[in-house]
There are 2 protein chains.
Amino acid sequence: MKIPILENILSANDRLAAENQKLLAKKGILAVNIMSSPGAGKTSLILRTIEALGEEVRIGVVEGDVASRVDADTIEGLGVPVVQINTGGTCHLDANMVRGSLDQLPLDHIELLLIENVGNLICPTDFALGEAVKVMIPSIPEGDDKPYKYPAMFAAVDAIIVNKVDLLPYLDFDLAAFRKLVTGLNPDVQVFEVSCKTGEGIDGWADWLSAVWTTEVPPRRI
Amino acid sequence: MKIPILENILSANDRLAAENQKLLAKKGILAVNIMSSPGAGKTSLILRTIEALGEEVRIGVVEGDVASRVDADTIEGLGVPVVQINTGGTCHLDANMVRGSLDQLPLDHIELLLIENVGNLICPTDFALGEAVKVMIPSIPEGDDKPYKYPAMFAAVDAIIVNKVDLLPYLDFDLAAFRKLVTGLNPDVQVFEVSCKTGEGIDGWADWLSAVWTTEVPPRRI
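These numbers were taken from a predicted model, which means no experiment stands behind them.

Draft legend 1. Representation of the overall build of chain A. For chain A, the helix and strand inventory stands at eight helices and seven strands. Of all 222 residues assigned to chain A, the portion counted as buried reaches 58%. Restricting to contacts in chain A with at least 6 residues of sequence separation, those with at least 24 account for 73%. Accessible surface computed for chain A: about 9300 Å², of which carbon and sulfur atoms make up 52%. Computed over 19 positive and 31 negative side-chain charges, the inter-centroid distance for chain A is 5 Å.

Draft legend 2. Summary view of the pairing of strand 5 (residues 133-137) of chain A. Residue and element names in this part refer to chain A. By the criterion of burial, strand 5 is predominantly enclosed, with five of the five residues buried. Side chains of strand 5 alternate between two faces, with Val133, Val135 and Ile137 and Lys134 and Met136 buried alike. Bridging between strand 1 (residues 30-36) and strand 5 involves five bridges; their strand directions are parallel. By the bridge assignment, Val32 is partnered in strand 5 with Val133. Examined bridge by bridge, strand 5 and strand 6 (residues 159-162) share two bridges and lie parallel to one another. From the neighbouring strand, Val135 faces strand 6, where its bridge partner is Ala159.

Draft legend 3. Representation of the packing of helix 2 (residues 42-53) of chain A against helix 8 (residues 202-214) of chain A. Residue and element names in this part refer to chain A. Their axes nearest at 10 Å, the elements helix 2 and helix 8 cross at an angle of 70°. Of the possible angle classes, the one that applies to helix 2 and helix 8 is roughly perpendicular. Between helix 2 and helix 8, the contacting residues are Leu45, Arg48, Thr49, Ala52 and Leu53 on the first element and Ile202, Trp205, Ala206, Leu209 and Ser210 on the second. Taken together, the residues of the contact of helix 2 with helix 8 sort by class into seven nonpolar, two polar and one charged.

Draft legend 4. The arrangement of the side chain of Lys164 of chain A in detail. One can find Lys164 of chain A in the loop between strand 6 and helix 7 (175-185). Here Lys164 of chain A occupies a buried position and makes no salt bridge, while the nearest side chain of opposite charge, Glu142 of chain A, is found at 6.3 Å. Those residues in contact with Lys164 of chain A that lie beyond four places of it in its chain are Gly39, Ala40, Ser139, Ile140, Pro141, Val194 and Ser195 of chain A together with Pro141 and Glu142 of chain B.

Draft legend 5. Up close: the interface of chain A and chain B. Taken together, the contact between chain A and chain B spans 33 residues of the former and 33 residues of the latter. With both sides pooled, the region where chain A packs onto chain B buries about 2600 Å², and carbon together with sulfur makes up 62% of that total. Of all residues in chain A, Pro38, Lys149 and Tyr170 of chain A bury the most surface against chain B, accounting for 23% of the area lost on that side. The tally of links from chain A across to chain B stands at two salt bridges. For Lys149 of chain A, the salt bridge identified is with Asp71 of chain B, shortest N-O distance 2.4 Å. Where chain A packs against chain B, one counts eight residue pairs in polar contact (both at pLDDT 80 or more). Sorting the residues of the side of chain A that touches chain B by element identifies helix 3 (70-76) and helix 5 (146-149) of chain A as the ones contributing at least two each. It is helix 5 of chain A that contributes the most residues to the side of chain A that touches chain B, three residues altogether.

Draft legend 6. Just unusual backbone geometry, in detail. Residue and element names in this part refer to chain B. Phi is positive for Ser68, which is not a glycine, with a value near 80°. Residue placement: Ser68 occurs in the loop between strand 2 (59-65) and helix 3 (70-76). One non-glycine residue, Lys164, adopts positive backbone phi at about 65°.

Draft legend 7. The arrangement of the relation of the copies chain A and chain B in detail. Under the fitted operation, chain A is carried onto chain B by 0.0 Å of movement along the axis and a turn of 180°, and the coordinates agree to an RMSD of 0.0 Å. Both copies are brought into coincidence by an operation consistent with a two-fold rotation axis. Of the residues that chain A buries at the interface, 100% are likewise interface residues in chain B, meaning the two copies contact each other through the same surface.

Draft legend 8. Structural context of the state of the cysteines. The tally for this structure, following the rule as stated, stands at zero disulfides over all chains. No disulfide involves Cys123 of chain A; its sulfur sits 3.2 Å from the nearest other cysteine sulfur, which is in Cys91 of chain A.

Draft legend 9. Representation of the environment of Asn163 of chain A. All names here are of chain A. Structurally, the position occupied by Asn163 is in the loop between strand 6 and helix 7. Sequence spacing of Asn163 and Lys42 is 121 residues, and the spatial spacing of their C-alpha atoms is 9.4 Å. In contact with Asn163, not counting residues within four places along its chain, are Ala40, Gly41, Ile137, Pro138, Ser139, Ile140, Val194, Ser195 and Cys196. At 3.0 Å, the side chain of Asn163 and the backbone nitrogen of Cys196 are in polar contact.

Draft legend 10. How the structure looks around the pattern of salt bridges. Applying the stated rule across the entire model yields 22 salt bridges over all chains. The closest approach of N and O atoms between Asp145 of chain A and Lys146 of chain A, which form a salt bridge, is 2.5 Å. Here Lys146 of chain A falls in the buried class, since its relative accessible area comes to 5%. Put simply, Asp71 of chain A together with Asp145, Lys146 and Lys149 of chain B are held in one network by salt bridges that share partners.

Draft legend 11. Local environment of the sheet that holds strand 4 (residues 112-116) of chain A. Residue and element names in this part refer to chain A. Read from one edge of the open sheet, seven strands run 3-2-4-1-5-6-7, paired in parallel fashion. Where the open sheet ends on each side, the last strands, each with one partner, are strand 3 (82-86) and strand 7 (190-193). Neighbouring strand axes in the sheet, compared pairwise and without regard to direction, differ in orientation by 20° on average. Here strand 1 pairs with strand 4 via five bridges, running parallel. Each residue of the ladder has a partner; that of Val32, found in strand 4, is Leu114. Here helix 4 (residues 95-102) sits on the sheet in contact with strand 2 (59-65), strand 3 and strand 4, set at roughly 145° to strand 3. Each of strand 6 and strand 7 touches helix 7; the most contacted strand, strand 7, lies at about 160° to it.

What counts as what
- Residues numbered from 1 in each chain as written.
- Chains lettered and ligands numbered in written order.
- Predicted model: local features only at pLDDT ≥ 70, side-chain atom pairs only at ≥ 80, totals over all residues.
- Heavy atoms only, no water.
- Helix = DSSP H or I, 4+ residues; strand = E, 2+ residues; numbered from the N terminus.
- Buried < 20%, exposed > 50% of the residue type's maximum accessible area, 1.4 Å probe, protein only.
- Contact = heavy atoms within 4.5 Å.
- Areas by Shrake-Rupley, 256 points an atom, 1.4 Å probe, with all protein chains shown as cover.
- Lys, Arg positive; Asp, Glu negative; His and termini not counted.
- Charge placed at Lys NZ, Arg CZ, Asp CG, Glu CD.
- Pairing = 2+ DSSP bridges.
- Axes fitted to C-alpha atoms, helices over the stretch in contact; angles between N-to-C directions.
- Parallel < 35°, antiparallel > 145°, perpendicular 65-115°, else oblique.
- Nonpolar A, V, L, I, M, F, W, Y, C, P; charged D, E, K, R; others polar.
- Salt bridge = Lys/Arg side-chain N within 4 Å of Asp/Glu carboxyl O.
- Buried area = accessible area lost by both parts, 1.4 Å probe.
- Polar contact = N/O pair within 3.5 Å; in protein donor to acceptor, adjacent residues only side chain to side chain.
- Least-squares fit on C-alpha atoms with pLDDT ≥ 70 in both.
- Disulfide = S-S within 2.5 Å.

Put into structure tokens, the structure is as follows:
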């Protein structure tokens with residue numbers, strides 16, 4: 001009985017995600033779904049991306065958290081339009097929550113929408129939001145074995161931004177082995193190595209995102 | 001319609017958890033549910049706990065993962081009885097999965113059962129397994145703001161084992177502020193600061209766990 005219920009929820013979500021995608025396309029907005037473990041650096045990546053691209057492209061942010069609005073306050077401080085979603089216990093964003101936040105954003109003045117999902121490597125994988133691009137942020141302290149344990153997430157994304165490379169000298173993390181694992185699961189994925197703390201590697205990620213934004217991107221199949 | 005369905009699942013789970021608890025009590029086994037983000041150090045803590053207490057108490061392990069059995073293989077290498085649960089996409093262990101693994105363990109030769117939950121700070125909170133003790137492992141690189149974002153998990157546990165303190169010199173983590181936040185959510189919680197890498201602080205955790213094991217522990221209310 002469990003699988004049919006899950007499938008119904010997902011297909012309702014997919015319908016709403018397709019509507020979000022249509023609305024975003026109409027407004028010319030590229031939406032990016034950013035996923036990671038708790039504390040891997042989603043908010044830090046958003047702040048660095050605003051710093052790198054904020055002059056070039058008008059950015060809006062959706063902040064997803066189980067509770068609190070500390071990250072939204074930080075982003076609002078930069079003068080970037082932001083909506084906080086508190087899921088109240090739910091372990092992922094869904095298309096309906098994102099739909100509600102689109103209604104609160106000045107869509108005519110946004111070109112790039114960065115959506116911070118809830119910190120979780122499992123549940124967000126199955127829920128399309130209407131995004132054009134899915135990215136995930138593994139971080140060095142989590143260890144190089146995470147693709148073994150959360151293969152669906154690593155296989156689902158367009159880009160992997162490996163954060164906290166400034167900690168490499170203090171940890172046993174085999175970047176070559178990690179890249180091999182990741183490309184085994186997802187041969188076409190883009191992999192960036194960055195430190196949101198020092199700024200190292202952010203240019204590569206920002207250049208790629210900027211190129212995606214300026215290209216005619218075919219809509220992600222929902 | 002969503003809430004009644006969730007409540008039904010939970011109460012079915014709670015019934016099974018109570019049965020697990022009864023079985024474990026009959027066998028004189030103390031079960032510990034270990035939860036954390038991906039990569040915070042659940043397996044490392046289990047390895048350090050085996051090292052610290054393995055001579056004193058007979059240990060068994062249940063390893064929960066979405067996929068893979070790399071951790072179970074490591075633990076098996078130490079000669080400790082271990083069962084791997086692969087949840088196949090499910091974001092937490094439940095009482096039924098644990099029941100299945102109890103059937104595969106030599107319960108008459110186990111006194112302390114360490115159950116490694118799936119790496120996730122949200123979903124495992126709601127699912128009792130039949131454990132006597134719930135612990136969580138936040139780690140220094142995740143940042144000191146996690147209690148704001150995942151309050152239910154921090155409030156639900158008996159002990160918090162802050163791992164990777166060897167990285168404190170390289171990160172901005174305010175331990176005093178973190179402890180204040182945590183005890184605000186959970187006044188009676190035990191907090192330990194450890195490094196599973198260097199072994200620092202493991203004695204304090206192991207001594208506490210050993211004391212719990214040798215005390216008549218009232219069963220956790222499910």
